[in-house]
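# Structural overview for review
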Amino acid sequence: MKRLSLLLLVLTLISCSEKERNCQDFKTGTFEFTQEINGKKVTSTFTRTETLQIETFNGKTDTASVRWVNDCELVLQKLHPKTMNERKAISMTILATDENSYTFDYSFVGDAKKQRGTVTKLK
């Protein structure tokens, strides 16, 4: 009986700690993403519609198509790539959301190495 009670308690705690995912709230809007590159924090801003993402980083603007795989997964493909690396599509999965931000994993499509980031919705 004690084992059953302990198991129920553990299952209850696990289900309570599951992250919230309101991905619909982040499909469109204006966002900010800060990351560390070579030990320096850099920020990009982007506006996303249902089908396009326009990003400004270091004074340069880039446009990518957006294809939603499901409510929380999308694939970005640059429309005007300048290098072979820029031709690679980027897969993104929203892992958790809160009021004005989301945490996500991203990688080149087909690449097993994933990185994690947090995006803040500005409007």
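Look up a bit, the structure's there.
This text gives an overview of the structure that appears in the document. Just so we're clear, the structure is a prediction, and the values are computed from it rather than from any experiment. For every chain, the first residue of its written sequence is number 1, and the numbers climb from 1 along that sequence. Only residues with pLDDT of 70 or above have their local features reported here, since the model is predicted, and side-chain atom pairs are shown and tallied only from 80 upward, although totals for entire chains, interfaces and linings are computed over all residues. Remark: hydrogens and water are excluded; side-chain values derive from all non-hydrogen atoms of the structure.

### Observations concerning unusual backbone geometry
A positive phi angle, close to 55°, is found at asparagine 38, a residue other than glycine. You will see that asparagine 58, though not glycine, has its phi angle at about 55°, which is positive. A helix here means a DSSP run of H or I that spans at least four residues, while a strand means a run of E at least two residues long, and both kinds are numbered starting from the N terminus. As for its position among the elements, asparagine 58 is in the loop between β3 (52-57) and β4 (60-70).

### Details of the pattern of salt bridges
The rule for a salt bridge is simple: a side-chain nitrogen of Lys or Arg has to be within 4 Å of a carboxyl oxygen of Asp or Glu. If you walk through the whole model with that rule in mind, you get 4 salt bridges. Salt-bridge contacts for glutamate 86 lead to lysine 78; the nearest nitrogen and oxygen are separated by 3.8 Å. In this structure, the salt-bridge partner of aspartate 105 is arginine 116, at a minimum N-O distance of 2.8 Å. Linking aspartate 105 in strand β7 (residues 101-108) with arginine 116 in strand β8 (residues 115-121), this pair joins segments that are 11 residues apart in sequence. Relative accessibility under 20% of the residue-type maximum defines a buried residue, over 50% an exposed one, and the middle range a partly exposed one, all with a 1.4 Å probe and only protein chains included. Looking at aspartate 105, the relative accessible area reads 15%, which means it is buried. Judged by its relative accessible area of 57%, arginine 116 is exposed. Here the salt bridges do not stand alone but share partners, grouping Asp62, Lys78 and Glu86 into one network.

### Regarding the state of the cysteines
Any two cysteine sulfur atoms within 2.5 Å of one another count as a disulfide. Within this structure, the stated rule accounts for 1 disulfide. The disulfide partner of cysteine 23 is cysteine 72, and the gap between their sulfur atoms is 1.9 Å. In this structure, the disulfide formed by cysteine 23 and cysteine 72 twists by about 100° around the S-S bond and is classed as right-handed. Residue cysteine 23 is found in the loop between α1 (2-16) and β1 (29-37), and its partner cysteine 72 is found in the loop between β4 and β5 (73-78); the two are separated by 49 residues along the sequence. A relative accessible area of 2% places cysteine 23 in the buried class. Taking relative accessible area as the criterion, cysteine 72 reaches 7% and is therefore assigned buried.

### Brief notes about the pairing of β1
Here β1 pairs with strand β2 (residues 40-48) via 9 bridges, running antiparallel. In the strand pairing of β2, phenylalanine 33 is matched with serine 44. We call two strands paired when DSSP finds no fewer than two bridges between them. Between β1 and β2, which pair antiparallel in sequence order, lie 2 residues; one of them, asparagine 38, sits at a positive phi of approximately 55°. Two elements, β1 and β8, share 3 bridges in a ladder whose sense is antiparallel. Residue pairing in the sheet places glutamate 32 in a bridge with threonine 120 of β8.

### Remarks on the pairing of β3
In the sheet, β2 pairs with β3 via 4 bridges, with the strands oriented antiparallel. Following the sheet pairing, arginine 48 is matched in β3 by glutamine 53. Sheet topology places β3 next to β4; 6 bridges connect them, and they run antiparallel. Pairing of leucine 52 across the sheet is with serine 65, part of β4. Between the end of β3 and the start of β4, which pair antiparallel, lie 2 residues, with asparagine 58 showing a positive phi angle near 55°.

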